[in-house]
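Okay, here's what each chain looks like letter by letter:
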Amino acid sequence: MLLFAKTFGCCRFVWNKMLEKKLQAYKKKERITRIIPAKYKEEFPFLKEVDGLALCNVQLQVEKAFRDHFRNRKQFKLPKFKKKKDKQSYTTNNTHDSIRVDFEKSLLYLPKLREGVKVELHRRFDGKIKSVTVSRTNDGKYFASILVETANPRNKVAEPKSRACGIDLGLEHFVTVTDDFGSYKVEHPKYLRRGEERLWRLQRSFSRKQKGSKNSEKARLRLARQHTYISNARNDFLHKLSKAIIDENQVVVVEDINVKGLLKTRLAKSVADSGWSKFLTYLKYKAEWYGRTFIQVNRFFPSSKLCHRCGYKNDDLALHDRTWCCPACSETHDRDVNASINLYYVGLGRPEVKPVERALVDDRSPHGLPKKPSRVEAGSSTEKC
Ligand SMILES: [Zn+2]
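About the thresholds
- Residues numbered from 1 in each chain as written.
- Predicted model: local features only at pLDDT ≥ 70, side-chain atom pairs only at ≥ 80, totals over all residues.
- Helix = DSSP H or I, 4+ residues; strand = E, 2+ residues; numbered from the N terminus.
- Buried ≥ 20, exposed ≤ 12 C-beta atoms within 10 Å, placed from the backbone.
- Contact = placed C-beta atoms within 7 Å.
- Pairing = 2+ DSSP bridges.
- Axes fitted to C-alpha atoms, helices over the stretch in contact; angles between N-to-C directions.
- Core = buried A, V, L, I, M, F, W, Y, C linked by C-beta atoms within 7 Å.
- Parallel < 35°, antiparallel > 145°, perpendicular 65-115°, else oblique.
- Left-handed = near helix turned anticlockwise from the far one by under 90°.
- Nonpolar A, V, L, I, M, F, W, Y, C, P; charged D, E, K, R; others polar.
- Expected span 1.5 Å × (residues − 1).

Draft legend 1. Spotlight on the overall build of the protein chain. Secondary structure summary: the protein chain contains ten helices and 13 strands in total. Sorting the 385 residues of the protein chain into buried and exposed places 27% on the buried side. Sequence-distant contacts in the protein chain: of pairs separated by 6 or more residues, those separated by 24 or more amount to 64%.

What follows is the structure, encoded as structure tokens:
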């Protein structure tokens, strides 16, 4: 642990030194020169005690931070100085097997750490280790994430049972899905809801404590721990749900929710909490990995407003209408289920269901498909995983 603390400290030191130099040059509008960490080693001999590659990586990280900033100033602000109380990390590369893992003894060997360090390994892996990032979270836990080069990072995937599915993203339920077998709703997991309530309470308790006091430090730790728990639990939920959906369906259709646009409105919190954009990202790359088709329909496709049965377009539908009755065919719709069915039809290769005239509407099932049994199960999220 001492070596890690030293390495974090040295990396932070080098980062701040380099940043200072570069920011000075930047403010004077001079060209930003390349600085290498070796330059500091003479002046500050304690830097020689830690892994030199870690320091080299700091140089690369500083350079990348500036490159990102110059490329896109809006998205990437100027890099900041690092503080001791922030999350700490360093990255080192594998050269001549300087990094090794002993799966039997659960030991990780790192440069300057010949005797190895005991680790809890989450899974076995094959392939060549490229680099390792050691980090300490602000609740005091140590992690090592190991980058490995392998031929095939994918898990096994089954033949899809369903041809397509349509996914409606909701606020009350996390998603409503329609596939070949019917519709179902997936709730926000209860443990996440409870976890968020606890987070909120801890936040309040922390802000009430006197800054710098022992109790304030304890409250900060509890809060940080809860943050970590929530973000892990949410990612886990999103990964499992997206994998299950990709496993089951050949074609996956979602709305093109302009998540960034929504974030600016008062829906912001619940959108951010529900993790939609992460969920869509996961679906997208998993679809690519496993050879499925991922379709995001045009933002103007009125998936909620179209009657899936006759194609009537209900322009009067308001955001708070949870159910509505089609004036053309008098079918009663659950808003989310109806939207997901329309998206499902898109997936079956029937894009843009054309609105039809009232006079033309008859009782036949829509689009020549057999009428679907309604299979709405609430709270099926845990079984899905
Ligand atoms: Zn209708």
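Draft legend 2. Inspection of the sheet that holds strand β3 (residues 107-110) at higher detail. Judged by pairing direction, the sheet is antiparallel, and its three strands sit side by side in the order β2-β3-β4 without closing on themselves. The two strands at the open ends of the sheet, each matched to only one other strand, are β2 (100-102) and β4 (113-118). Taking each pair of neighbouring strands and ignoring which way they run, the sheet shows an average axis angle of 25°. Sheet topology note: the β3/β4 ladder contains three bridges and is antiparallel.

Draft legend 3. Summary view of the environment of Phe143. On the secondary structure map, Phe143 appears in strand β6 (residues 142-149). The class for Phe143 is partly exposed, based on 13 C-beta atoms found within 10 Å. With 23 residues separating them along the chain, Phe143 and Glu120 place their C-alpha atoms 9.3 Å apart.

Draft legend 4. Highlighting the sheet that holds strand β8 (residues 175-179). Spatially, β9-β8-β7-β10-β11 is the arrangement adopted by the five strands of the open sheet, whose pairing is mixed. The sheet terminates laterally at β9 (182-186) and β11 (293-296), the two strands that pair on one side only. The sheet shows a mean angle of 20° between the axes of neighbouring strands, taken without regard to direction. Summarising the sheet, strand β7 (residues 162-169) and strand β10 (residues 249-254) pair through five bridges and their orientation is parallel. Bridged to Ala164 within β10 is Val251.

Draft legend 5. Geometry of the nonpolar core. Counting residues in hydrophobic clusters, the biggest one holds 32 residues, and the most contacted among them are Cys165, Ile167, Val252, Val253 and Leu283. Contributions of two or more residues to this core are made by β7, β8, β9, α5 (214-248), β10, α8 (276-289) and α9 (335-347). For this core, the leading source of residues is α9, giving seven residues. Excluding residues within four positions of it along the chain, Val252 makes contact with Cys165, Ile167, Ile245, Ile246, Leu283, Ala287, Arg292 and Phe294.

Draft legend 6. Main features of the packing of helix α4 (residues 190-208) against α5. Interaxial distance between α4 and α5 falls to 9 Å at its minimum, and their mutual angle equals 160°. In terms of orientation, α4 lies roughly antiparallel with respect to α5. Seen along the crossing, α4 lies across α5 with a hand that is left-handed. Contact residues: Tyr191, Leu192, Gly195, Glu196, Arg198, Leu199, Leu202, Gln203, Ser205 and Phe206 in α4; Ser216, Ala219, Arg220, Arg222, Leu223, Gln226, His227, Tyr229, Ile230, Ala233, Arg234 and Phe237 in α5. A per-class count over the contact of α4 with α5 returns eleven nonpolar, six polar and five charged.

Draft legend 7. Representation of α9. Compared with an ideal rise of 1.5 Å per residue, which puts 13 residues at 18 Å, α9 spans 19 Å between its outermost C-alpha atoms and is within 8% of the ideal. Across the 13 residues that make up α9, a large majority, 13, are buried. Trailing α9 by a residue or two, Gly349 shows a phi angle of about 90°, which is positive.

Draft legend 8. Just the environment of Gly347, in detail. Note on placement: Gly347 falls in helix α9. Classification of Gly347 as buried rests on a count of 27 C-beta atoms within 10 Å. In sequence terms Gly347 and Val251 are 96 residues apart; their C-alpha atoms lie 5.9 Å from each other.

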